[in-house]
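# Structural characterization, general
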Amino acid sequence: MKKLSNKQKLIIILVIAAIAVVLQFGFHLHLFAQILVTIVGAIVAFSMFIGMIKTIRSGKYGVDLLAIMAVVATLAVSEYWAAMVILVMLTGGDALEDYAAKKASTELKALLNNSPQTAHLITNGKTSDIPVNDVKIGDQLIVKPGELVPVDGIIKNGEGLFDESSLTGESRPVSKTAGDEVMSGSVNGDNAITLQVTKLAKDSQYQQLVKLVKEAESTPAHFVRLADRYAVPFTIIAIIISSLAWMLSGRPERFAEVLVVASPCPLILAAPVAMVSGMSRASRNGIVVKTGSVLEKLAVAKTGAFDKTGTITSGQLTVDKILPTGKIDSTQLLHYAASAEQQSSHILARSLISYATAYNVSLSPVDQLTELTGKGILATVDGQEVKVGKLKFVSPKNLDQMLAATAIYVSVDGQYYGAITFTDHIRPEAKQTMNQLKKLGVTNLLMLTGDQAVIADKVAQQVGITQVKADLLPQDKINALKAIPTNEHPVFMVGDGVNDAPSLVTADVGIAMGVHGSTAASESAAVVILKDDLSRVAKAVSISQETLRIAKQAVLIGIAICTILMLIASTGIIPAFFGAMLQEIIDTVSILWALKARKMTEWERDRSNL
């Protein structure tokens, strides 16, 4: 039988309450109304008891014990209407908490949908399509231009550029030739290649990525919620006061009357309302927070981990320097290179053309264009033979001119004319974001990237990150997150690519830059930044801290009022039903205070319109 949701339970309780009201006040069937409420109350109390046992066995604790005692005690002394009010409050609080903690889908549909399904098997010189799971080690496959590599393997014939951004997060295509290893999930460039299989589909890199996400999802980090942290001391205080009231008066009604006003509705309602308010405030800042507990974790986060490309940097390569040899000037060098590259779809070619267009550099038509994958472009521009690409291809005699940067080299009629370098720009708000996070208490900042250590160190130094782990694959990032000491948790991880998805799930809080990031990253993250602004990460932490502070205040105000009422109820002044109704006043006060978490600052109002 399918388990009822808390919303369905609330509806059932309200319907039964309505029926009981009709029985008692419409038909004067007091006994039937009492029996109905008692049976329902007993069933709910028993189900809560079973849930409490399971919770305790899992090593957690909550407000269940006090709620059960309040229901049982009121039923035991025939205060069944007080019991019904408590039941409505409890199920209503649970339904509200479910609303505050809506779970976003973590099935990573994009990742699974993009997983390679078929492979082109070569058998006796003929090609046939087979399911990727039927591929065997040693088989030879054809990978056509633009296709995903179905399994890990070694190139036997051909060469090309492979887009590994879904695996490493880096936007630069990687040149591969015969003998090089190729990972599944990477995208082949413009040439067909022959691949010899080295791993089965289930053991290949892309499927391992999917597996890592699923494993990380199934083992979430333990976290004690705000209400649960206050539950134990509040329960002890309530039991002591109610027991003393019973002992000193000799009347069990006192026990029930005290427990009614001690019903943990402020704990159940105040914190979720504050969390819903904080989530609403975050959404108006372009920050989607998927669960209420995420705000609690972010509020006390001690470590922030960041991917580099597309997160700290823009993820878009642009021209950095134009370095002519002196035989021609910068404009001429750019003219030859951009003219030759204007028909190429290579990422560096697109950046080069955009740069040349922005600076009004005229381009000449191209004759006899040949694009040599993995090497460069050979074209005729203004009647001259122009080579653009790798230095080994452009001018083998000038290998001493190799630059330690992403670059293309240019020769005209066999003469080496210079190089053009590219860079991935750091987000202008990155350094300020790191400073803000440190002020908010996130003092341990680190970068986890698949890029080269030299480049990563340089970027980290510029933005104020002291710890860098580079040349990482998805599993390496997970291992790095797991290696963070317990006293430096909670940890949030910020990323944007499919390769970041396992890390986002592994971290206590995953934050996805959702504007340019992959759907997989957004699906697996607990927080999604909808606007292309890294400073929203610091804002998310700030909102979380303010929300938690207000939630604590709302809970403590509710507890304080409850404690005062418990002391009054212990004297017998407050009947059980009236005490249950007083809970409404306590709830109202706590909720109104909790709603303060929704208030935006003037800065936020201005930024939300950007």
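An account of the accompanying structure is given in this report.

### Some thoughts on the packing of helix 9 (residues 252-261) against helix 21 (residues 535-569)
Helix 21 packs onto helix 9 with a crossing angle of 165 degrees between their chain directions and a minimal axis gap of 8 Å. Judged by the angle between their axes, helix 9 and helix 21 are roughly antiparallel. When the axes of helix 9 and helix 21 are compared, the crossing they make is right-handed. Judged by residue contacts, Arg254, Glu257, Val258 and Val261 of helix 9 engage Cys562, Leu565, Met566 and Ala569 from helix 21.

### Quick notes on helix 16 (residues 430-439)
For helix 16, the set of buried residues is Ala430, Thr433, Met434 and Leu437. Looking down the long axis of helix 16, one finds its buried residues gathered within 100 degrees of arc, a one-sided arrangement. Downstream of helix 16 by a residue or two, Gly441 has a phi angle that is positive, lying close to 100 degrees.

### Some remarks on the sheet that holds strand 8 (residues 187-188)
Two strands in a sheet stick together by hydrogen bonds in their backbones, pointing the same way (parallel) or opposite ways (antiparallel). The three strands are arranged 6-5-8 in an open sheet whose pairing can be described as antiparallel. The sheet is open, and its two edges are formed by strand 6 (174-176) and strand 8, each paired on a single side. Note that strand 5 (residues 160-163) and strand 6 share three bridges and pair antiparallel. Across the sheet, Gly160 pairs through a bridge with Lys176, a residue of strand 6.

### Some remarks on the sheet that holds strand 18 (residues 444-448)
Spatial strand order, 10-22-21-20-11-18-19: seven strands in an open sheet with mixed pairing. Single-partner strands in this sheet number two, and they are strand 10 (287-289) and strand 19 (467-469). On average, adjacent strands in this sheet sit at an angle of 20 degrees to one another, irrespective of strand direction. On top of the sheet, helix 16 reaches strand 11 (303-306), strand 18 and strand 20 (491-495); it is set at about 140 degrees to strand 18, its chief contact.

### A few points about the packing of aromatic side chains
The description of an aromatic ring pair uses the distance of the two centres, along with the angle that the planes make with each other. In total, this model carries three aromatic pairs according to the counting rule given. Both rings, one in Trp246 and one in Phe255, keep their centres 5.4 Å apart while their planes meet at 55 degrees; by these two values the pair is tilted. Taking the relative accessible area as the measure of exposure, Trp246 reaches 39% and is therefore partly exposed. Ring geometry for Phe306 versus Phe492: centroids 6.0 Å apart, planes at 85 degrees, classification edge-to-face. Of this pair, Phe306 sits in strand 11 while Phe492 sits in strand 20, and the two are 186 residues apart along the sequence. Grouping residues by exposure puts Phe306 and Phe492 together as buried.

### Quick word on the side chain of Arg427
The topology assignment puts Arg427 in the loop between strand 17 (415-426) and helix 16. The exposure class of Arg427 is buried, given its relative accessible area of 8%. Here the side chain of Arg427 touches Thr311 through a polar contact of 2.6 Å, landing on its backbone oxygen. Filtering out sequence-adjacent residues up to four positions away, Arg427 remains in contact with Gly310, Thr311, Ile312, Thr313, Ser314, Met513, Asp532, Asp533 and Leu534.

### Points about the pattern of salt bridges
For the structure on display, the rule yields six salt bridges. Arg251 is paired through a salt bridge with Glu253; the nearest N and O atoms lie 3.7 Å apart. Residue Arg251 is classed as partly exposed on the basis of its relative accessible area of 42%. Across the pair Glu546 and Arg281 runs a salt bridge whose closest N-O atoms are separated by 2.7 Å. With Glu546 in helix 21 and Arg281 in helix 10 (residues 265-283), the pair connects residues that are 265 residues apart, well separated along the chain. By relative accessible area, Glu546 is classed as partly exposed at 24%.

### A few points about the nonpolar core
Core analysis: the largest hydrophobic core is formed by 98 residues, its most contacted members being Phe306 and Phe492. Ranked by residues supplied to this core, first place goes to helix 21 with 14 residues. In this structure, Leu333, Ile353, Ile377 and Val386 belong to the second largest nonpolar core, which totals 27 residues.

### Quick notes on unusual backbone geometry
Between His489 and the following residue, Pro490, the backbone shows a cis peptide bond with an omega angle of 0 degrees. With respect to the secondary-structure elements, Pro490 resides in the loop between helix 18 (474-482) and strand 20. A positive phi angle is found at His28, which is not glycine, with a value near 60 degrees. By the secondary structure assignment, His28 is in the loop between helix 1 (6-26) and helix 2 (30-57). You will see that Asp413, though not glycine, has its phi angle at about 50 degrees, which is positive. Note that Asp413 resides in the loop between strand 16 (406-412) and strand 17.

### Overview of helix 13 (residues 330-341)
With twelve residues, helix 13 ought to run about 16 Å at 1.5 Å a step, and its terminal C-alpha atoms sit 16 Å apart, in line with that. Two to three positions downstream of the cap, the backbone nitrogen of Thr331 sits 3.2 Å from a side-chain oxygen, assigning the N-cap of helix 13 to Asp329.

Parameters at a glance
- Residues numbered from 1 in each chain as written.
- Predicted model: local features only at pLDDT ≥ 70, side-chain atom pairs only at ≥ 80, totals over all residues.
- Heavy atoms only, no water.
- Axes fitted to C-alpha atoms, helices over the stretch in contact; angles between N-to-C directions.
- Helix = DSSP H or I, 4+ residues; strand = E, 2+ residues; numbered from the N terminus.
- Parallel < 35°, antiparallel > 145°, perpendicular 65-115°, else oblique.
- Left-handed = near helix turned anticlockwise from the far one by under 90°.
- Contact = heavy atoms within 4.5 Å.
- Buried < 20%, exposed > 50% of the residue type's maximum accessible area, 1.4 Å probe, protein only.
- Arc of directions from axis to C-beta.
- Pairing = 2+ DSSP bridges.
- Phe/Tyr/Trp six-rings, centres within 6.5 Å; stacked < 30°, edge-to-face > 60°.
- Polar contact = N/O pair within 3.5 Å; in protein donor to acceptor, adjacent residues only side chain to side chain.
- Salt bridge = Lys/Arg side-chain N within 4 Å of Asp/Glu carboxyl O.
- Core = buried A, V, L, I, M, F, W, Y, C linked by side-chain atoms within 4.5 Å.
- Expected span 1.5 Å × (residues − 1).

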